[in-house]
Amino acid sequence: MSRFVRLGETDRPGLTVHVDGAPVAALEGDTLMVALLSQGAALRQSEFGPEKRAGFCLMGACQDCWVWTESGDRLRACSTLAAPGQRILTSQPEATWPTHA
Amino acid sequence: MADPRIIIVGAGPAGTRAAEACVQAGIRPVVLDEGRRDGGQIYRRQPDNFTRPYAKLYGTEAPRAQALHETFDGLKDRIDYRAETLVWNIADGHVRTATRTMESALPFDALLLCTGATDRLMPVKGWQFAGSYSLGGAQVALKSQAVSIGHKVVFMGSGPLLYLVASQYVQAGADVVAVLDTAPYSARIKALPDLLAVPSVLWNGVALTLALKRAGVMVRNSVKPLEILGNAEDGVSGIRFRVGAGAEQTIACDAVAMGHHLRPETQLADLARCAFAFDPVTRQWLPERDGDGRSSVAGVYLAGDGAKILGARSAEASGRLTALAALGDLGLPVDKGEMASLRGDVGTYAKFARGLATAFPWPAEQAGVLPDEAILCRCEGVTAGDLRAVMRETGAKEANRAKAFSRVGMGRCQGRYCGLAAAELIAAQAGVPVEQVGRLRGQAPVKPLNISIGDTDA
Amino acid sequence: MSAASDVIIVGGGLMGSSAALFLRGHGLSVTLLETDLIGRQASGTNFGNVRRQGRPIHQLPLANRAIDIWRRSRELLGADVEYLQSGHIRVCYRERPELVGSMEEYADKARAEGLDLELLSGNALRDKFPFFGPDVLAGSYSATDGHANPRLAAPAFARAAERLGAVIHEHTQIVDAQKIGEDFVVSAADGRTFRAPTLLVTAGAWGNALSSQFGEPVPIVPRGPNMSVTEPVPYAILPAVGVMTPVEEETVYFRQVARGNIVLGGSTRGPSFPDQYRAYVEPQNTVSQLKHIRRLAPALGKLNIIRVWSGIEGYLPDSQPVMGPSATTSGLYYAFGFSGSGFQIGPGVGETMAEIIAKGATDIPIAPYTIGRFAKG
């Protein structure tokens, strides 16, 4: 299920990003947010509630659309362009930190 | 004296016109822009490989958008333009900037804050679900990416942007299910005298509403939003509301664009230690400034919607006016006659903006009746009931105090999207005027700052 | 007419609020006066370390008294101040191997005061705390220390005191205090006056303004902590973590709250302005803090900070507070100037001051904190 609907400008060269290991087809000039939500319904999980999140303001102000690279870097999906070879995660890599006391 | 160092923050209509004035005075300003390209939000430019013409992107404002972009393009070699650069703090006569990896301190003699606006939001139960977007966000999706935020979209809230974005969606071929305006139609009649200050913009607004109705879009006034329906996994599935005192209605949709006009981005003015005052018309705390844009802090100037929401046309005028004021203060010759004329323009737009505030009132009363289970702060997942419980237990009735105890406004967005509604809820619960609740103090970093910033080995 | 009580407390931070609570326990009537709102400066903006380790050995009896209160804080206060006894680890870097000896020496002395510390290095350290960077050499671990939420603590003490009958006046700026006859008369900026035979000054960075009125100025310097907090990440780091080093810039610390945010503190302290009631985080201090945090725990380098803050703290030249009776005026007591290290001991300070006022004595050693040490001549 897609969340966003493309209404034009579809005559652009394609590119592929990987999201949680799976290839996702995008177009040159897409933001990561558009790339992910043109084929999926959400970007990440809320930390404090049960719901999935898919961004809110699209202008870099609300900070609701952060996703992660496989190396743990954070990317704000609304203000980062999709690029070939990107490997994106929609859950926090720190979830795998060992818990120690 | 060496050339004065002028820093302009923002490259929208105010920032662009301010930069132009500096260049004309022989100064090469630094222009810091969070965006990838100039234009700001209102005249945001689409990526290079997009082909839609100006008329399609900006409608009635196409000539202004094009003129502004062309002005900026003409300035590019004569300004120090730094795109994708965040100003994360201001101290001791320096702005602190951050790019993805670099942190820098830039000294200034004059700092022009042209920081623009974000949507003003009144929370609705369910607004945390995926598929709820800010109205401005919905417009950005279309304007800069040619996408709709959903397959069936409801526009809900109030303000001129509500009708503008809804019509842009219709024209672009999106399925717009309804436009739900919380303002009563009568408010618009009441506002007419002020709105007539800028008749062309008033007429554009009327035309938009007619176009929506012609396109078969349900348009309702006096709407009381009750709930954005949906679930945690799939997001938005519908909206529940009432019209006036009428029966509850439910509409199916998978996206809601919501907003109640705009709020200025004042964090940098706050960090620059500018004084603020409560504006009873918009029920917002705004940085104080004189008629030419001088803040309470010497060398710090405020222009455009980042200081007060007066619209894009006013931003162009105030950007130029404020730059001229700064240049004059720095001892450069400026045209006093032009400044007087710009002041007149800004005054006209101020009258119109007052009309808009009357026509599309901020529904403050909705915060007070927000159900306990409704999420108030999206970042921290704090509900209206959580805040009320904290108030009952601790007696907190000041904005920063309530934040400290409840976490409302303590998350990533720093209260941009919940702060105004939280203040109204606190005021309603405590039975005090909202100005007594105070305002959330701005705290650096203005946007999240990576811990590896400035790490040369990274 | 002045409002009268057995004890007036000037300063509604953690010291004053907890003293009010414990004074009520002794049956004394209490009026607590606060310029702004309870716990808004040093008490509310500090790092939240509930740490005994690293304190001067002479302070450990006070710290032990405090830890007992922290442990029963939920029952005592009827509120959750997010106290977690999740440990505290203090580490040193490879270029300062001599500090391992200092840690061992401290651990020996601390043990005699009831604080058990475990020295860790090499694989033992990294197995237990895998987030440390390669520069970390060794650490001293205290399993029974931990952390709490400073924003919540002092207000919770104040509310508990209020429930037991303490009278609290916020937004009450004190501009004058005098002893007239047997009573102290304390005047607020708006003209209200308050009267009591006993006065306790717990006014933090503002303490000197009052002690000076009784001929006991102290060389207090206002500064502000350098604090940041990250976005929330899954809860995995249990202990509060700090660096032992003689270099101020390297002195950083962090802790993860149960919700997931990581609170960062330390490196250079900033300026603060008691007269304006403002404290600022210097951008350069944030940058310096982040640099040293990366060295301490490189994995944190991927995270973002979302907010910084500071507050007004009072520092004394020997980093020890003024605590105990006045040297000039009977019935007058002080507990201020905790020099950035007052949070853990705070409730112990309140209980000890209440004991001194109600009973005239305490077994807790407070000689190092006498205000007389700053007397001229």
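Residues numbered from 1 in each chain as written. Chains lettered and ligands numbered in written order. Predicted model: local features only at pLDDT ≥ 70, side-chain atom pairs only at ≥ 80, totals over all residues.

Per an unreviewed UniProt entry, chain B goes by the name NADPH-dependent 2,4-dienoyl-CoA reductase/sulfur reductase-like enzyme and belongs to Sphingobium xenophagum.

In the annotation of an unreviewed UniProt entry, chain A is listed under the name NADH dehydrogenase/NADH:ubiquinone oxidoreductase subunit G and assigned to Sphingobium xenophagum.

Asker: Describe the nonpolar core, listing the residues and the values that go with them.
Answerer: Residue and element names in this part refer to chain B. Of all hydrophobic cores here, the largest spans 297 residues; its most connected members are Leu112, Val153, Phe155, Ala257 and Leu376. For this core, the leading source of residues is helix H9 (residues 312-329), giving 9 residues. Beyond its immediate sequence surroundings of up to four residues, leucine 112 is in contact with Ile6, Ile8, Val9, Ala18, Tyr301, Ala303, Thr322, Ala323 and Ala326. (Core = buried A, V, L, I, M, F, W, Y, C linked by C-beta atoms within 7 Å. Buried ≥ 20, exposed ≤ 12 C-beta atoms within 10 Å, placed from the backbone. Helix = DSSP H or I, 4+ residues; strand = E, 2+ residues; numbered from the N terminus. Contact = placed C-beta atoms within 7 Å.)

Asker: Tell me about the interface of chain C and chain B, and name the residues and values.
Answerer: Opposite the 25 residues of chain C that make contact, chain B presents 21 residues. Among the secondary structure elements, those contributing two or more residues to the side of chain C that touches chain B are helix H7 (150-163), helix H9 (283-296) and strand S21 (304-309) of chain C. When grouped by side-chain class, the residues that make up the side of chain C that touches chain B number 15 nonpolar, 3 polar and 7 charged. Strand direction decides the pairing type here: strand S24 (residues 449-450) of chain B and S21 of chain C, joined by 2 bridges, are antiparallel. Paired with asparagine 450 of chain B across the bridge in S21 of chain C is asparagine 304 of chain C. (Nonpolar A, V, L, I, M, F, W, Y, C, P; charged D, E, K, R; others polar. Pairing = 2+ DSSP bridges.)

Asker: I'd like a rundown of the packing of helix H12 (residues 384-394) of chain B against helix H14 (residues 419-430) of chain B, residues and numbers included.
Answerer: Packed helices, taken two at a time, are described by the angle between their axes plus the distance between the axes. Residue and element names in this part refer to chain B. For the pair H12 and H14, interaxial distance at closest approach is 11 Å and the crossing angle is 45°. As the angle between them shows, H12 and H14 are arranged oblique. In this structure, H12 crosses over H14, and the sense of that crossing is right-handed. Here Ala384, Leu387, Arg388 and Met391 of H12 come into contact with H14, specifically with Ala422, Leu425, Ile426, Gln429 and Ala430. Split by residue class, the contact of H12 with H14 holds 7 nonpolar, 1 polar and 1 charged. (Axes fitted to C-alpha atoms, helices over the stretch in contact; angles between N-to-C directions. Parallel < 35°, antiparallel > 145°, perpendicular 65-115°, else oblique. Left-handed = near helix turned anticlockwise from the far one by under 90°.)

Asker: Hey, could you go over the sheet that holds strand S15 (residues 235-243) of chain B for me, with residue numbers and the actual values?
Answerer: Residue and element names in this part refer to chain B. In space, the 3 strands of this open sheet follow the order S14-S15-S16, with antiparallel pairing throughout. The open sheet is flanked by strand S14 (223-231) and strand S16 (248-252), the only strands paired with a single partner. Strand-to-strand, the axes of this sheet are offset by a mean angle of 25°, without reference to chain direction. With 8 bridges connecting them, S14 and S15 associate as antiparallel partners. Each bridged residue has a counterpart across the sheet, and for valine 223 the counterpart in S15 is valine 243.

Asker: Lay out the UniProt feature "domain: BFD-like [2Fe-2S]-binding" (unreviewed entry) in chain B with the relevant residues and their values.
Answerer: The residues that UniProt annotates with the feature "domain: BFD-like [2Fe-2S]-binding" (unreviewed entry) are residues 375-427 of chain B. Between the first and last C-alpha atoms of residues 375-427 of chain B the distance is 18 Å; the span itself is 53% helix and 9% strand. (UniProt positions renumbered as here; feature names shortened; annotations may be inferred.)

Asker: Just give me the short version of the UniProt feature "domain: FAD/NAD(P)-binding" (unreviewed entry) in chain B, but keep the residues and values in it.
Answerer: When the UniProt feature table is mapped to this numbering, "domain: FAD/NAD(P)-binding" (unreviewed entry) covers residues 5-310 of chain B. The annotated region residues 5-310 of chain B carries 28% helix and 31% strand content, and the separation between its end C-alpha atoms amounts to 28 Å.

Asker: Give a detailed account of the domain arrangement of chain B, specifying residues and quantitative values.
Answerer: All names here are of chain B. In terms of domains, chain B is made up of domain 1 (6-118 + 263-356), domain 2 (121-260) and domain 3 (365-437). With centres defined by C-alpha atoms, the gap from domain 1 to domain 3 works out at 31 Å. Each side of the interface is counted separately: domain 1 has 5 residues, and domain 3 has 4 residues. When grouped by side-chain class, the residues that make up the side of domain 1 that touches domain 3 number 1 nonpolar, 2 polar and 2 charged. (Domains from an automatic or database assignment.)

Asker: With reference to specific residues and values, describe the sheet that holds strand S7 (residues 110-113) of chain B.
Answerer: All names here are of chain B. Pairing is parallel across the open sheet formed by 5 strands, whose spatial order is S3-S2-S1-S7-S21. Each having just a single partner strand, strand S3 (80-82) and strand S21 (300-302) make up the two edges of the open sheet. Each strand of the sheet is rotated relative to its neighbour by a mean of 15°, with strand direction disregarded.

Asker: Could you give an account of the interface of chain A and chain B, naming the residues involved and the relevant values?
Answerer: Facing the 33 residues of chain A at the interface are 44 residues of chain B. Of all the secondary-structure elements, those providing two or more residues to the side of chain A that touches chain B are strand S1 (5-6) and strand S5 (52-53) of chain A. When grouped by side-chain class, the residues that make up the side of chain A that touches chain B number 15 nonpolar, 8 polar and 10 charged. Here 2 bridges tie S1 of chain A to strand S10 (residues 147-148) of chain B, and the two strands are oriented antiparallel to one another. By the bridge assignment for S10 of chain B, valine 5 of chain A is matched with serine 148 of chain B.

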